[in-house]
Each structure stands twice: as C-alpha cells, then as structure tokens.
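# Overview (structure and organization)
Each chain, written out:
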Amino acid sequence: MKRVAIDFGSSETKICISGSGVVLKEATCVAVEQAYGDEGRYVIKALGDKARALSGRAAVNTRIVNPVFEGDIVHENIAAALLAYFLNKIEITKSRAKRTEVIFILPCGSGDELKEKYKRLAEECCIGAVYFTITPFASVLGHNVSINESRPMFLIDIGYGITNIAALSQDGLISGININLGGGNIDRHIIDELADARNIKVGALTAERIKNTVGSLLNDDNKMTVAEGRDILSGAPASVSVNSSHVYDYIVTYLDKILEYASFVMSKLDAEVASGIMHSGIYLSGGLMKMDGIAEYINNKLGILVNTADEPQLASVIGAGAILSNDYLFERFATD
C-alpha cells in the first residue's frame, strides 16, 4: 500500500509520499469555460499552475476557480477533478489509487461535514483508504520534533486563507482555533492600497509577488520591485515602484490581528500549560513565515521564544508524512 499525505490548501496543494518526501506543490486552482447561457455547465480548460497562470489573462467566458476557500471545499466537483489531476501527476492513477492510503490535513476545529466532503473526493478519485489529521499536529511534527505528554507545545500556522492557533500535547489538543485570516488578506490589501494611493490596478498574482519579494518586518529593509498594472484614471498600462516600507503596514495590520488571537488562546490556558509553553516556545509554520523579520517580530510582540521550521510552507505536509511513516504517531494523531 502506498501512503500519501495531502494538504489541500486554499492557495496551494502539497503532497508527500511516505518514503519519498514532498513530490508536488502546485496551485489549488482551476480555469473553467462557462457554457454560454448555462451557469451550471462548464468545461475545464486548465488545472493547477497552468490555471493560475491564466489569472487576469483569461478570455471573457473563462473564470478562475479556487475550489478550496478558507479551509473548506466549496466546489466539490471541481475539487475532485483537480485532486485526480494531481494524483495522476505523481503517477497515482485510479487503478493505483485503490491501493493507496491517504491522510488529509484539516483545519483545527473541523467537523464531520468537512470530513464527509473529503471522503466524497476520495471516493471520486478511487482512493483505497482515507484518514485525517489536523494542522496543529502535522505542522509541529513538520519541525522534526517529538510531541510528548510532559511538554505542551504552542503552534501558529499562517496559511493563505486561514490561520491555525493551538496548544497541544501528546495527549491531544489542549485548546485551538482557526481564523479566517492569512496571506491572502495581505494580497488583497496590497491591491486595494495600490489602487487608492497610487492609482494603479494590479492583479492577484502581482500582489502576491510584491508580498513575497519585498515584504519584510525588518525596520531597515528596503527591498524594491516594480508593480505593473493598469492606470485607474486613463486605463493605460502603468507601473510603479514598491519597496518594503510601502507594504510594512499592510503586513503588520493582519499579523497583529493574528497575534491578538494567539494571546487570547494563551490567556485561557492553565498556568502549568502556559509555563511549559514559555519553556518550549512557539512553533511557527506556513508560507508567511519565510518573510524576513517575521520570527523576530512575533518574538518581540509576544515575549516568547519562537521556533521556525526549516521549510515552514511545507511543515504540515511533511509532518503528516511523518504520521504515515510511524505506526505510533499514526495511532495517536490519525483518525478516520
């Protein structure tokens, strides 16, 4: 039986095969051509990275669909087609899928309704066995550390659509929430602010590139890039320079909100749990954690040691792969 971990994220899907490591990282995105005069019918034109490349460039009757939104599957049929495409890319055809065990990573606090959606996706893709784990367990294990009963741990995982915040131990989840804040909020803020302050309309891909290229929480950072788009007044092509100082406030706006929630979760913990977390520190994961200065900012804001994964954007799927590879971890942190 092949064992596969899948993080079906709002922005990107990551897949890890037990014994092989991470084998796929691609946009959770589908381009569909709407049937003329019939909103319910469509033809898939592109999937994954190819679909994302069409964002802002697609024909009038083509729309870009993200089947996963804020941790929830909002377009099941399109999600099933996309998942089948990803599995085929890693040579798991429908016949091979029958001999495959898959563990899906769910947001903290997910209910049975979301599990049922994933089970229907798995059935559509002919997957043989389906299991689940939650982001806090997977992401902490993705730091290559062990979870034990005597040392509680605290995680902040900032994704594109949602952030998971949790205190946990080997005995299970102590306290945790997921909130609808993430890297996508920063992208949208960049789009809005460039339109309001610089009179230029940029697309989602450009906003994300700006965030990833010049985004920084170092006070003296001054990285610069050029944003190309459309002049709002004239409609003509236009470009403006953007540096780290321009986007600093946008990033801090949402990061501070996330840290407020983290502080709230911490404030509700028992004294002994809070004391243990002070010693072990906070574990950070998610793509935003690659940003320069973010670990130092969180450390200064919360006054607690922070631990960042070597590959924070892959921590959850690497950790879920570890669960699949270890019978003890599988028994403790996987459910059906």
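For clarity, every value in this text was computed on a predicted model and none was experimentally measured. (Residues numbered from 1 in each chain as written. Predicted model: local features only at pLDDT ≥ 70, side-chain atom pairs only at ≥ 80, totals over all residues. Heavy atoms only, no water.)

As a further point, take the sheet that holds strand β2 (residues 12-17). A sheet is described by the order of its strands in space; here five strands give the open sequence β3-β2-β1-β9-β10, paired in mixed fashion. Strands at the two margins of the open sheet, each flanked by one partner only, are β3 (21-27) and β10 (129-134). Recorded for the sheet is a direction-independent mean angle of 20 degrees between the axes of neighbouring strands. Here strand β1 (residues 2-8) runs beside strand β9 (residues 100-106); their pairing, made up of five bridges, is parallel. Residue pairing across strands places Arg3 opposite Glu101, the latter belonging to β9. Across the sheet, helix α11 (residues 315-325) lies against β1, β2, β3, β9 and β10, angled at about 155 degrees from β1, the strand it touches most. (Pairing = 2+ DSSP bridges. Helix = DSSP H or I, 4+ residues; strand = E, 2+ residues; numbered from the N terminus. Axes fitted to C-alpha atoms, helices over the stretch in contact; angles between N-to-C directions. Contact = heavy atoms within 4.5 Å.)

This next bit is on the packing of helix α6 (residues 183-198) against helix α7 (residues 204-214). Between two packed helices, the angle of one axis relative to the other and the distance separating the axes together describe the packing. Their axes nearest at 9 Å, the elements α6 and α7 cross at an angle of 105 degrees. Judged on the interaxial angle alone, α7 and α6 are roughly perpendicular. The segment α6 lies against α7, with Gly183, Ile186, Asp187, Ile190, Ile191 and Leu194 engaging Ala204, Ala207, Glu208, Ile210 and Lys211. Partitioning the contact of α6 with α7 into residue classes produces seven nonpolar, one polar and three charged. (Parallel < 35°, antiparallel > 145°, perpendicular 65-115°, else oblique. Nonpolar A, V, L, I, M, F, W, Y, C, P; charged D, E, K, R; others polar.)

Attention now goes to the sheet that holds strand β17 (residues 282-285). The strand order across the open sheet built from five strands is β13-β12-β11-β17-β18, with neighbouring strands paired in mixed fashion. Every other strand in the sheet has two partners, leaving β13 (172-179) and β18 (306-308) as the edge strands with one partner each. Each strand axis lies, on average, 20 degrees off the axis of its neighbour in the sheet, ignoring direction. By the bridge criterion, seven bridges tie strand β12 (residues 163-169) to β13 in an arrangement that is antiparallel. What sits directly across from Leu168, in β13, is Leu173. Helix-sheet contacts for helix α9 (residues 271-280) involve β11 (153-158), β12, β13, β17 and β18, and the interaxial angle to β11 is about 65 degrees. Each of β11, β17 and β18 is contacted by helix α10 (residues 294-302), which is oriented at about 160 degrees to β18, the strand it contacts most.

On the surface, Lys2, Arg96, Lys98 and Arg99 cluster together into a patch of positive charge. As for its placement among the helices and strands, Lys2 is situated in strand β1. (Patch = residues over 30% accessible without salt bridge, like charges linked within 9 Å, V, L, I, M, F, W, Y side chains within 5 Å. Areas by Shrake-Rupley, 256 points an atom, 1.4 Å probe, with all protein chains shown as cover. Salt bridge = Lys/Arg side-chain N within 4 Å of Asp/Glu carboxyl O. Lys, Arg positive; Asp, Glu negative; His and termini not counted. Charge placed at Lys NZ, Arg CZ, Asp CG, Glu CD.)

Let us now look at the packing of aromatic side chains. By the definition in use, this model includes six aromatic pairs. Each member of the aromatic cluster is reached from another via a ring pair, and the members are Phe104, Tyr118 and Phe132. The ring of Phe330 carries the charged tip of Arg3 above its face, separated from the ring centre by 5.0 Å. (Phe/Tyr/Trp six-rings, centres within 6.5 Å; stacked < 30°, edge-to-face > 60°. Lys NZ or Arg CZ within 6 Å of the ring centre and 35° of its normal.)

What follows deals with unusual backbone geometry. At Glu91, a residue that is not glycine, the phi angle is positive and equals roughly 65 degrees. With respect to the helices and strands, the residue Glu91 is situated in the loop between α2 (76-89) and α3 (94-97). On the accessibility criterion, Glu91 (54% relative accessible area) is exposed. One non-glycine residue, Asn144, adopts positive backbone phi at about 65 degrees. Considering the arrangement of structural elements, one finds Asn144 in the loop between α5 (135-141) and β11. (Buried < 20%, exposed > 50% of the residue type's maximum accessible area, 1.4 Å probe, protein only.)

What follows is about the nonpolar core. Generally speaking, soluble globular proteins have nonpolar side chains that are buried together. Within the largest apolar cluster, 46 residues are counted, with the highest numbers of intra-cluster contacts made by Phe154, Ile156, Ile282 and Ile298. Discounting chain neighbours no more than four positions away, the residues touching Ile298 are Leu255, Leu259, Leu284, Met289, Gly303 and Val306. (Core = buried A, V, L, I, M, F, W, Y, C linked by side-chain atoms within 4.5 Å.)

One can describe the packing of α2 onto helix α4 (residues 112-124) by two numbers: an axis separation of 9 Å at closest approach and a directional angle of 50 degrees. With respect to α4, the axis of α2 lies oblique. α4 is crossed by α2, and the crossing has right-handed handedness. Packed against α2, whose contacting residues are Glu76, Ala79, Ala80 and Leu83, the element α4 presents Lys117, Arg120, Leu121 and Glu124 at the interface. Partitioning the contact of α2 with α4 into residue classes produces four nonpolar, no polar and four charged. (Left-handed = near helix turned anticlockwise from the far one by under 90°.)

Right, let's get into the environment of Ala295. Here Ala295 is to be found in helix α10. C-alpha of Ala295 to C-alpha of Gly142: the two residues are 153 residues apart in sequence and 17 Å apart in space. Contact partners of Ala295, with chain neighbours within four places excluded, come to Leu284, Val306 and Thr308.

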